[in-house]
Amino acid sequence: MKTFVIMFWVILVLPNQLQAQLATGWKAHDLNRPLPEVVSVSKSNGGSTVPSDAIVLFDGSDLSQWRAASGGDAKWKIVDGAMESVPKSGYVTTKQQFGDCQLHVEFATPVKVKGKGQGRGNSGVFLMGKFEVQVLDSFDNPTYADGSAGSIYGQHPPLVNVSRKPGQWQTYEIIFTRPRFSKDGSLESPARFTVIHNGVLIQNNVEAFGPTNWIRHKNYQSLKNADTGPVSLQDHGNPVRYRNIWIRDLEKQKPAPENPYPDGIELTDAQKEKLVGKYGRFPITLDSGKLFMKQAGQQLEMIPVSPTEFQFAKSAGTAKFELDGDGNVTGLEVALDAFGKPQKVSKEK
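All of these numbers come straight from a predicted model, not from anything done at the bench.

In terms of nonpolar packing, the biggest core is built from 40 residues, with Trp 66, Met 83, Leu 103, Val 125, Phe 193, Tyr 242 and Ile 245 touching the most fellow members. By residue number, the principal contributor to this core is strand β8 (residues 101–108), which donates 4 residues. Setting aside residues no more than four positions away along its own chain, Phe 193 makes contact with Leu 127, Phe 131, Val 133, Ile 152, Ile 174, Ile 175, Phe 176, Gln 203, Asn 204, Asn 205 and Val 206. The next biggest cluster of nonpolar side chains, apart from the first, holds 18 residues, and it includes Leu 275, Leu 291, Phe 310 and Phe 321.

As structure tokens, then:
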């Protein structure tokens, strides 16, 4: 479909009760909607890209962003620019709390292979301190599927095993959506994970059944309506290393104002009937007291802002009727999109 534009005089807004584009509160192609923040990327010492809006949780220099889960300073050590789990030192956890996020983690299981199954290169990355993406040396190391590298522990095995050899650096890109709770504390929507391991999708927007646990997951009520929590790294007795850890807060998008569009006006049936007709490829019809323009197989509801000027209920286009000296409708000026030149068409007799 050829793109037409909305003229700047048309950046009036539509009635609130008819305006929502899905659940966003904004019309499609609304020029009043805030533009995305500009984000640049740079390279870390390990070669990964770091977005400018990311919070760097570990850059290889110190553990200032972390503490021991039991309280006090983190007891892990820094070795060659990486933080290494110290057996029996306990989990480390971020001082900051997060909800919806994108988390980048690089890890390496020990070069010297010891143990098998869950006893080999075991650690874990926890979101909100409760939901674990398993870290394990899964290179030629069979174990139960929902405990292998990249699993949502005890719940979802990874789609595939793309683990590298022991000692080689690997990456997790984790997209986490926190659970939502209603005012009465009941669960509205569960936590969800998308995980990319070494560039390969291994968890595709899967739903967590509850906080992860060894034998069985916990229920969501155990979170007590929490909407944020720390990132935690597990000490499981193996000297697993981590580097280049950063996180992006994904809860920055502001919702639409409660009433971003002023109310339209009411037209009489006679005023509406006068506008019905064929205008080139923009036919106007009246159905159940509402005016519609048929376009691209859709009926676009038209909202009056004056007796001759209309906007569409769900998109940022406009229609302006032209009258002669006797008040008869002679034509129509249509803009269907936010950029380009409006098109004028005559009313067919």
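Next, the rest of the story.
Bringing the packing of aromatic side chains into the picture now. The relation between two aromatic rings is expressed through the spacing of the ring centres and the mutual angle of the planes. According to the stated counting rule, one finds 9 aromatic pairs in the structure shown. Judged by centre distance (5.6 Å) and plane angle (70°), the rings of Tyr 279 and Phe 321 are edge-to-face. Taken together, the residues span a long stretch of sequence, with Tyr 279 in the loop between α2 (269–275) and β18 (284–287) and Phe 321 in strand β22 (residues 318–323) at a distance of 42 residues. The exposure class of Tyr 279 is buried, given its relative accessible area of 0%.

With that settled, the discussion passes to the sheet that holds strand β9 (residues 123–127). Taken together, the 5 strands give an open sheet; going across it, the order is β4-β7-β16-β9-β10, and neighbouring strands pair in antiparallel fashion. Where the open sheet ends on each side, the last strands, each with one partner, are β4 (66–68) and β10 (131–135). Here 2 bridges tie strand β7 (residues 92–94) to strand β16 (residues 232–233), and the two strands are oriented antiparallel to one another. Looking across to β16, one finds that Thr 93 is bridged to Ser 232.

This part is about the sheet that holds strand β21 (residues 309–312). Judged by pairing direction, the sheet is antiparallel, and its 7 strands sit side by side in the order β18-β19-β20-β21-β22-β23-β24 without closing on themselves. Two strands in the sheet have a free side with no partner beyond their single neighbour: β18 and β24 (343–346). Neighbour-to-neighbour, the strand axes of this sheet turn through a mean angle of 35°, independent of strand direction. Sheet analysis places β22 next to strand β23 (residues 329–335), joined by 6 bridges and oriented antiparallel. Note on β23: the bridge partner recorded for Ala 319 is Val 334.

Before going further, it helps to examine the pattern of salt bridges. Summed over all chains, the structure comprises 13 salt bridges. Notably, a salt bridge pairs Asp 137 with Arg 120, separated by 2.8 Å at the nearest N-O pair. Of this pair, Asp 137 sits in the loop between β10 and β11 (170–177) while Arg 120 is found in the loop between β8 and β9, placing the two residues 17 residues apart along the sequence. A cluster of three or more residues bridged by salt bridges with shared partners is formed by Lys 77, Asp 80, Glu 84 and Arg 241.

For the rest of this paragraph, the subject is the side chain of Glu 132. As for its position among the elements, Glu 132 is in strand β10. The buried charged residue Glu 132 lacks any salt bridge, with Lys 218 as its nearest oppositely charged partner at 11 Å. Once residues lying within four places of it in the same chain are set aside, the contact partners of Glu 132 are Ser 123, Gly 124, Val 125, Phe 126, Ser 151, Ile 152, Tyr 153, Thr 212 and Gln 234.

Reading guide: rules and limits
Residues numbered from 1 in each chain as written. Predicted model: local features only at pLDDT ≥ 70, side-chain atom pairs only at ≥ 80, totals over all residues. Heavy atoms only, no water. Core = buried A, V, L, I, M, F, W, Y, C linked by side-chain atoms within 4.5 Å. Buried < 20%, exposed > 50% of the residue type's maximum accessible area, 1.4 Å probe, protein only. Helix = DSSP H or I, 4+ residues; strand = E, 2+ residues; numbered from the N terminus. Contact = heavy atoms within 4.5 Å. Phe/Tyr/Trp six-rings, centres within 6.5 Å; stacked < 30°, edge-to-face > 60°. Pairing = 2+ DSSP bridges. Axes fitted to C-alpha atoms, helices over the stretch in contact; angles between N-to-C directions. Salt bridge = Lys/Arg side-chain N within 4 Å of Asp/Glu carboxyl O. Lys, Arg positive; Asp, Glu negative; His and termini not counted.

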